[in-house]
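As a plain string of letters, each chain reads:
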Amino acid sequence: MTYELSHSGALEAESVHIVREVLATFERPVLLFSGGKDSVVLLHLAAKACWPAPIPFPVLHVDTGENFDEVLAFRDAMVAELGVRLIVGSVQEDIDAGRVVAETGPRASRNRLQSVTLLRTLREHGFDAVFGGARRDEEKARAKERVFSFRDEYGQWDPRNQRPELWHLYNGKHRRGEHIRVFPLSNWTELDIWSYIAAEKIPLPPLYYAHRRQVVQRDGMLLARTRHLTLLEGEEPYEAQVRFRTVGDATCTGCVESTAATAAEVVVETAATRVTERGATRADDRISEAGMEDRKKEGYF
């Protein structure tokens, strides 16, 4: 009798192994949790890795103050259901304390300010391993990442100073003040994520499914009309049926026109697309050719 895992089963097994490797190696891990689809799947996998025990580490959300209300409500409901401790790092606190300066104007974004808040929160709590939901297929800078991504005492990432990971052997060695970012979903694709969500019946914020809302056209994207979005001169909001492929700040995350109202329908839609979700709907990745890599070197996710 032969036993062979499916493609999704093999990805799940690899991710569960990575989570357990961290639990066996590090003293104070934390999981970055925004309420977005990748972090939801990551938390689901963490629960599987720890079962039948509860998840023994907290989750951390870096809140810019410009998130979608629906995502924040889902975040709070999910951590309450799983019984995990939620830590919120506030960008607004860093602005008020003068540690960062917020951009102004109708195109302003707080996205880059998150790095300061993230690194401050990690230092305050002494976390030495940080689970993240980044995937290599999302963006070219993330394609360079190892599963165990070494960060120096300043929280910075140097793509030339990473460790080999032959035969799924991971090196978590670090000095005090340094930490490791861990990406259990590295080898997953957007289609893998949605196929797994459909198979496991994982709940998500309603933004991920087709719904009608007010949007505006800006820079080749559809931005949702929210209290965080300042309209530019000449912009006229209109109603459309859309869904979000990824969820970030309401000021820089676009949506796409869609009729996919279930996870199975999103799987079909995703299988036909040829542009990653970040490439299609994230204005913060368009600041320069190396925008993501520059932010990662500063300590970004």
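Scroll up a little and you will see the structure.
Treat the numbers as computed from the prediction; the structure is a model and nothing was measured.

**Things to note about the nonpolar core**
Of all hydrophobic cores here, the largest spans 56 residues; its most connected members are L31, V41, F148, W194 and I197. Ranked by residues supplied to this core, first place goes to helix 2 (residues 37-50) with 7 residues. Those residues in contact with V41 that sit more than four places away from it in its chain are L185, W188, I193, Y196, I197 and I202. V62, I87, L122 and F127 belong to the second largest nonpolar core, which has 13 residues in total.

**Re the pattern of salt bridges**
Inspection of every chain in the model, using the stated rule, returns 18 salt bridges. Across the pair E12 and K48 runs a salt bridge, and its minimum N-O distance is 2.7 Å. With E12 in helix 1 (residues 7-25) and K48 in helix 2, this pair connects stretches of sequence that are 36 residues apart. Classification of E12 by relative accessible area gives buried; the value is 18%. The partner of E190 in a salt bridge is R245, with the nearest N and O atoms 2.7 Å apart. Here E190 is found in helix 6 (residues 190-200), whereas its partner R245 is found in the loop between strand 9 (238-243) and strand 10 (254-257), with 55 residues between them in sequence. The same class applies to E190 as to R245, namely buried. Residues joined in a network through salt bridges with shared partners are K37, D38, R135 and D137.

**Observations concerning the environment of S90**
In this fold, S90 is placed in strand 3 (residues 86-90). According to the relative accessible area criterion, S90 is buried, its value standing at 16%. With 24 residues separating them in the primary sequence, S90 and Q114 have C-alpha atoms 8.6 Å apart. Here the side chain of S90 touches Q92 through a polar contact of 3.3 Å, landing on its backbone nitrogen. From its side chain, S90 meets the backbone nitrogen of E93 in a polar contact 3.2 Å long.

**Looking at the pairing of strand 7 (residues 211-218)**
Relative to strand 9, strand 7 runs antiparallel, the two sharing 5 bridges. If you follow R213 over to strand 9, its bridge partner there is A240. With antiparallel pairing between neighbouring strands as the criterion, strand 7 and strand 8 (residues 221-224) make up a hairpin whose turn holds 2 residues, including D219 at a positive phi of roughly 55°.

**Observations regarding unusual backbone geometry**
Among all residues except glycine, the phi angle is most often negative; among peptide bonds, the trans geometry is most common. Looking along the chain, the bond that leaves W51 and enters P52 is cis, with omega of 10°. Within the secondary structure, P52 sits in the loop between helix 2 and strand 2 (59-63). For D219, which is not glycine, the phi dihedral falls at a positive 55°. Relative to the helices and strands, D219 is located in the loop between strand 7 and strand 8.

**What about the sheet that holds strand 3?**
In space, the 6 strands of this open sheet follow the order 3-2-1-4-6-5, with mixed pairing throughout. This sheet does not close on itself; its edge strands, each paired only once, are strand 3 and strand 5 (148-151). Adjacent strand axes in the sheet meet at a mean angle of 30° when their direction is disregarded. Alignment of strand 4 (residues 129-131) against strand 6 (residues 179-182), held across 3 bridges, turns out to be parallel. In the sheet register, A129 faces strand 6, and the bridge partner there is I180.

**Digging into helix 5 (residues 114-125)**
Look at helix 5: 17 Å from first C-alpha to last across 12 residues, which is about the 16 Å you get at 1.5 Å a residue. Within helix 5, the full set of buried residues consists of Q114, S115, T117, L118, L119, R120, T121 and L122.

**Let's talk about the packing of aromatic side chains**
A complete count under the given rule lists 7 aromatic pairs for this structure. Measuring from centroid to centroid gives 5.0 Å for F68 and F244, while their planes differ by 65°, and the two rings are edge-to-face. Within this pair, whereas F68 is found in the loop between strand 2 and helix 3 (69-82), its partner F244 is found in the loop between strand 9 and strand 10, the two being separated by 176 residues in sequence. On the basis of relative accessibility, which here comes to 0%, the residue F244 falls in the buried class. A centroid spacing of 5.7 Å and a plane angle of 70° characterise the contact between W194 and Y209, whose relative ring orientation is edge-to-face. Within this pair, whereas W194 is found in helix 6, its partner Y209 is found in the loop between helix 6 and strand 7, the two being separated by 15 residues in sequence. Three or more aromatic residues joined by ring pairs form one cluster here, namely F26, F148 and Y170.

Here is what the cut-offs are and how they apply
Residues numbered from 1 in each chain as written. Predicted model: local features only at pLDDT ≥ 70, side-chain atom pairs only at ≥ 80, totals over all residues. Heavy atoms only, no water. Core = buried A, V, L, I, M, F, W, Y, C linked by side-chain atoms within 4.5 Å. Buried < 20%, exposed > 50% of the residue type's maximum accessible area, 1.4 Å probe, protein only. Helix = DSSP H or I, 4+ residues; strand = E, 2+ residues; numbered from the N terminus. Contact = heavy atoms within 4.5 Å. Salt bridge = Lys/Arg side-chain N within 4 Å of Asp/Glu carboxyl O. Polar contact = N/O pair within 3.5 Å; in protein donor to acceptor, adjacent residues only side chain to side chain. Pairing = 2+ DSSP bridges. Axes fitted to C-alpha atoms, helices over the stretch in contact; angles between N-to-C directions. Expected span 1.5 Å × (residues − 1). Phe/Tyr/Trp six-rings, centres within 6.5 Å; stacked < 30°, edge-to-face > 60°.

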